[in-house]
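# Architecture and fold: a report
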Amino acid sequence: MMGTLDYIWLGVLAVFQGPELFSIFGLPISITLLMILCGFLLGIVVGATPGLAGPVAMAISLPILISVFGYTPDALLPVMGFLIGIMKGATIGGAVPAILFNTPGTPDAYMTTLDGYPMAQKGHAKKALRVAHFASVSGDTFSDVVLVICAPFLALLVEQYLDLPEKTALLILSLSFIAAAVGGSAAKGLISTGLGLLVAFIGTGADFYPRLSMGTEALSQGITLGPAILGVLIIGAVFHELAGQWRHRDVVSRPVPQIEIGSDRLSLGDVRKLMPYIGRSAIVGTMVGALPGIGSTLAATIGYTMGQRRHEKIAKPDEPAFGEGAMEGIAATEAANSSVSGANLIPVLSLGIPGNTAAVFLILAADSIGGFNPGPSVFKFTTDAVNPELVIAFGLFTAMFVANFLNWTIGGLFMRSMGIMARVPKQLLLPVVLLLTLTAIYVQETRLEVIWFTLAFGLLGYGMRLLAISPLPFVIAFILGGKLEATARQAFDATGSDPFFLLNNPIAAAFMVLSVAIIFLASRKKPESK
Amino acid sequence: MKKPLFQNTNVMTGLFFTALALLLLFVWIPLDSDTGLIEKVRRQVAIGDALAPTVAALFLLIGGGLLMLLEGKSDTPPAIDAASVKFVARIFAMLVLSFVLMRYAGPLAVQVVNAIQGNDLEYRLLRDTAPWKWLGYVLGGTLAICGTISLTEGRFSLRALVVALLAIAAMIAIFDLPFDDLLLPPNGDL
């Protein structure tokens, strides 16, 4: 008889007692542990390198990892552990160039520059880095705890109360929410979602003839996940960045001032002072992260603004204000943007709906390897036989806490040594990333066709960025398109071909009304200027 | 001062996607799907293959329409700089050229060697043998990286060539040397 605790224990054992790589003093070290460590260190490096970010490292690593570990269920935890390590490492790495060079390593670290760089200029760079690390790890750990508690319960609720029509309506609600929430323009979000769905439906369908293939061999096989996702997300971003570099090629870059790192430590008094800011931002970031599609940049902005209001009320006159080198500003930002990452996995693990790019790559890994389909069916606590997917899910939770442990112990030290990465010239780095990504896709699919597809999707991604259309709804809609159609077909059949199956059921109808209301309300708000 | 490509990009974008949606709804989907929105299979009504793309087209139609109506008069539509678009087109063309070179360099080299030495070698049989298997990747990859750096910097430099060669060597070391089952481009196609 299997109970909940047995499943949790099996998940922990899967990480710690997986295939052994070597042993230290007779203590076996599993390959999964090593992969989490490697992913975490790589994540810090890419996070600290402006122009690179977690998704780039994930995109390049995935085919290599799959080649190493193969397409067996044993590969799931090492590969996904590596990706989780990257996700967590990149989150703290982004603060390094933000503090030392006034250049955010990742977009969500922009607010960190506001107080981090002034602190560094005053000779307190090391303290600023310590604050960023402490706040980031605290927020991240809090978010992971919420994930572990909420994801199984949400999945159980979905399985218990939602039937096929409600699940179809929930997918539509998620898509409209993502369209409305990402990028600041509901209209552009809808366009991005529509394009993603359209691409997902090319060359697929229930009929013998692959629809929308125009009779061509290339389209009749459908568009695979790799070229579409990596093209739009990575190659499109590289094209956009290169164009920016080219536009400013004649601007003589000022030499980056050498900042004195300093040696000041974070005292217990400092920690006590920071905790209220970290706590509030962690809650905000976790709430924002649990909603699919809303990124860490918004969480950082909200966390910073809330922290600023509090600071204005209670700060002593001799303390620096927000924007002038207040360590509370760094803490509020970093706790908020880091607490998004764990919570972002709530929709993907409990509903199968990816909410951010890291979740997209976890789905890509699960899809490539097989044996694990993120969604409510994962959390079936079967008692008579072991549900292997549930063991993997608890293994992933364990991997997240292992990464957090690494973050608390060695993360700060490694992070503080990464200042050098901000000096790597982008115009040299980006072309290498471009070829590396294309090579990574090719070695997985071994058809030149996928290179052409990826380049074409790269152009699409560039065009979308040019028109201020966020590519994230495209990617999420592309991933969910097949699932939406399959669920709708099943729901239609199960309801006896009822054309109003989305409206006859109260929960499904409520989801549909919400879908329309979200778009309506988001369209009325003034779009963000770009 | 950069020259904008369009005066109001939001209106143009909305118009484009509305037109695309109408094209999808009235031309592409009806002509390129074998079943309609719904179909009757053995006296049972089921969802047809045209329904899902129609939903996608409706997303585009509503998005395009809203963009024109609500954001057409936005004070800050995204500015599109024609020169940047041309630059990306040049990068794209150069990448296409690089991959064409990558595809044909190896087989062409084998033909040249055959013509000179009178051999009867086939690239297909050599595609997993060094140095043949690296020829296309090194030439095409170097052109891709060095060309992209040179276009971005506005000049060719020895530094760009060195970075390209080092990066290619590193990629061969990552993808090819440790794995017997991985094939670098273009060897999986040949």
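Conventions we followed
Residues numbered from 1 in each chain as written. Chains lettered and ligands numbered in written order. Predicted model: local features only at pLDDT ≥ 70, side-chain atom pairs only at ≥ 80, totals over all residues. Helix = DSSP H or I, 4+ residues; strand = E, 2+ residues; numbered from the N terminus. Rg over C-alpha atoms; globule rule 2.2 N^0.38 Å. Buried ≥ 20, exposed ≤ 12 C-beta atoms within 10 Å, placed from the backbone. Contact = placed C-beta atoms within 7 Å. Expected span 1.5 Å × (residues − 1). Nonpolar A, V, L, I, M, F, W, Y, C, P; charged D, E, K, R; others polar. Axes fitted to C-alpha atoms, helices over the stretch in contact; angles between N-to-C directions. Parallel < 35°, antiparallel > 145°, perpendicular 65-115°, else oblique. Left-handed = near helix turned anticlockwise from the far one by under 90°. Pairing = 2+ DSSP bridges. Domains from an automatic or database assignment. pLDDT = per-residue confidence, 0-100. Core = buried A, V, L, I, M, F, W, Y, C linked by C-beta atoms within 7 Å.

Moving on, we come to the overall build of chain A. When helices and strands are counted, chain A shows 21 helices and two strands. Compactness check: chain A gives a C-alpha radius of gyration of 23 Å against a globular reference of 24 Å for 530 residues, within 12% of the reference. Across its three principal directions, the C-alpha atoms of chain A cover 70 × 60 × 50 Å. Per-residue burial for chain A yields a buried fraction of 61% across its 530 residues. Considering only contacts within chain A whose residues lie at least 6 apart along the sequence, 77% involve residues at least 24 apart.

Right, let's get into the overall build of chain B. Of regular secondary structure, chain B possesses six helices and two strands. At 25 Å, chain B has a C-alpha radius of gyration far larger than the 16 Å of a compact globule built from 190 residues. Taking the principal axes of its C-alpha atoms as reference, chain B extends roughly 65 × 65 × 30 Å. Put simply, chain B has 190 residues, and 41% of those count as buried. Of the contacts formed within chain B by residues at least 6 apart in sequence, a portion of 66% connects residues at least 24 apart.

Turning our eyes to something else, we now look at helix α19 (residues 448–466) of chain A. Over its 19 residues, α19 of chain A extends 27 Å from the first C-alpha to the last, a length consistent with the 27 Å expected when each residue adds 1.5 Å. Among the residues trailing α19 of chain A, Ala468 of chain A stands out with phi positive, at a value near 60 degrees.

Tallying the contact residues gives 61 residues for chain B and 57 residues for chain A. Among the elements of the structure, α1 (9–31), β2 (44–47), α2 (51–71), α3 (82–117), α5 (132–153) and α6 (158–176) of chain B are those that each provide at least two residues to the side of chain B that touches chain A. It is α2 of chain B that provides the largest number of residues to the side of chain B that touches chain A, a total of 14 residues. Looking at side-chain class alone, the side of chain B that touches chain A contains 38 nonpolar, 15 polar and eight charged residues.

With that out of the way, let us pick up the environment of Asp250 of chain A. Take Asp250 of chain A: it is sitting in the loop between α11 (225–247) and α12 (268–290). Residues Asp250 of chain A and Tyr110 of chain A, spaced 140 residues apart in sequence, show a C-alpha to C-alpha distance of 25 Å.

Turning our eyes to something else, we now look at unusual backbone geometry. Among all residues except glycine, the phi angle is most often negative; among peptide bonds, the trans geometry is most common. For the bond running from Ala130 of chain B to Pro131 of chain B, omega is 0 degrees, close enough to zero to count as cis. Tracing the backbone shows Pro131 of chain B in the loop between α4 (123–126) and α5. We note that Thr446 of chain A has phi near 40 degrees; this positive angle belongs to a residue other than glycine. With respect to the secondary-structure elements, Thr446 of chain A resides in the loop between α18 (426–445) and α19. Residue class for Thr446 of chain A comes out partly exposed when judged on the 16 C-beta atoms lying within 10 Å of it.

So, on to the packing of helix α9 (residues 186–201) of chain A against α2 of chain B. Running from amino to carboxyl end, α9 of chain A crosses α2 of chain B at an angle of 160 degrees, the nearest separation of the two axes being 8 Å. Our classification of the angle between α9 of chain A and α2 of chain B gives roughly antiparallel. Crossing angle aside, the handedness with which α9 of chain A passes α2 of chain B is left-handed. A per-class count over the contact of α9 of chain A with α2 of chain B returns 18 nonpolar, four polar and two charged.

In this structure, strand β1 (residues 38–41) of chain B lies alongside β2 of chain B, joined through four bridges in antiparallel fashion. Across the sheet, residue Lys40 of chain B finds its bridge partner in β2 of chain B, namely Val45 of chain B.

Looking now at the domain arrangement of chain B. Considered domain by domain, chain B is made up of domain 1 (9–71) and domain 2 (82–176). Relative to domain 2 of chain B, the C-alpha centre of domain 1 of chain B lies at a distance of 41 Å.

Turning to the confidence of the model for chain B, a few remarks are in order. Residue and element names in this part refer to chain B. Looking at chain B, pLDDT values average 89 and 96% of them are 70 or higher. The least confident element of chain B, judged by mean pLDDT, is β1 at 84; the most confident is α5 at 95. We note a pTM of 0.86 for the whole complex and an ipTM of 0.93 for its interfaces.

Residues and elements named next belong to chain A. Its location among the elements puts Met275 in helix α12. For Met275, a count of 16 C-beta atoms within 10 Å corresponds to the partly exposed category. Between the alpha carbons of Met275 and Phe134 there is a distance of 9.9 Å; along the sequence they are 141 residues apart.

The subject of this paragraph is the nonpolar core. One finds Leu83 and Ile99 of chain A to be the most contacted residues of the largest nonpolar core, which totals 240 residues. Composition of this core by domain shows at least three residues from each of domain 1 (9–71) and domain 2 (82–176) of chain B. For Leu83 of chain A, the residues in contact, after removing those within four places along its chain, are Gly39, Met58, Phe361, Leu362 and Ala365 of chain A.

Bringing the packing of α3 of chain B against α5 of chain B into the picture now. Residues and elements named next belong to chain B. For the pair α3 and α5, interaxial distance at closest approach is 7 Å and the crossing angle is 160 degrees. As far as their axial angle goes, α5 and α3 are roughly antiparallel. In this structure, α3 meets α5 at a crossing whose hand is right-handed. Taking contact as the criterion, the partners of Arg90, Ile91, Met94, Leu95, Ser98, Phe99, Leu101, Met102, Arg103, Ala105, Gly106 and Ala109 in α3 are, on α5, Trp132, Leu135, Gly136, Tyr137, Leu139, Gly140, Gly141, Leu143, Ala144, Gly147, Thr148 and Leu151. Of the residues contributing to the contact of α3 with α5, the split by class is 15 nonpolar, seven polar and two charged.

This paragraph deals with the confidence of the model for chain A. Confidence in the prediction for chain A averages 87 pLDDT; 95% of positions are at 70 or higher. Of all secondary-structure elements in chain A, the lowest mean pLDDT belongs to strand β1 (residues 20–24) of chain A, at 74, while α9 of chain A reaches the highest, 95.

The next point concerns the environment of Gly194 of chain A. By the secondary structure assignment, Gly194 of chain A is in helix α9. Sequence separation between Gly194 of chain A and Ala494 of chain A is 300 residues, and the spatial gap between their C-alpha atoms is 27 Å. Apart from residues no more than four positions distant in its own chain, Gly194 of chain A is found in contact with Ala56, Ala57, Phe59, Leu60 and Gly63 of chain B.

Let us look at the pairing of strand β2 (residues 27–30) of chain A. Residue and element names in this part refer to chain A. As judged from the four bridges shared by β1 and β2, these two strands associate in the antiparallel manner. Within the sheet, the bridge partner assigned to Phe22 lies in β2 and is Ile29. Hairpin connection, β1 to β2: the antiparallel pair is bridged by two residues, and Phe25 has positive phi, about 50 degrees.

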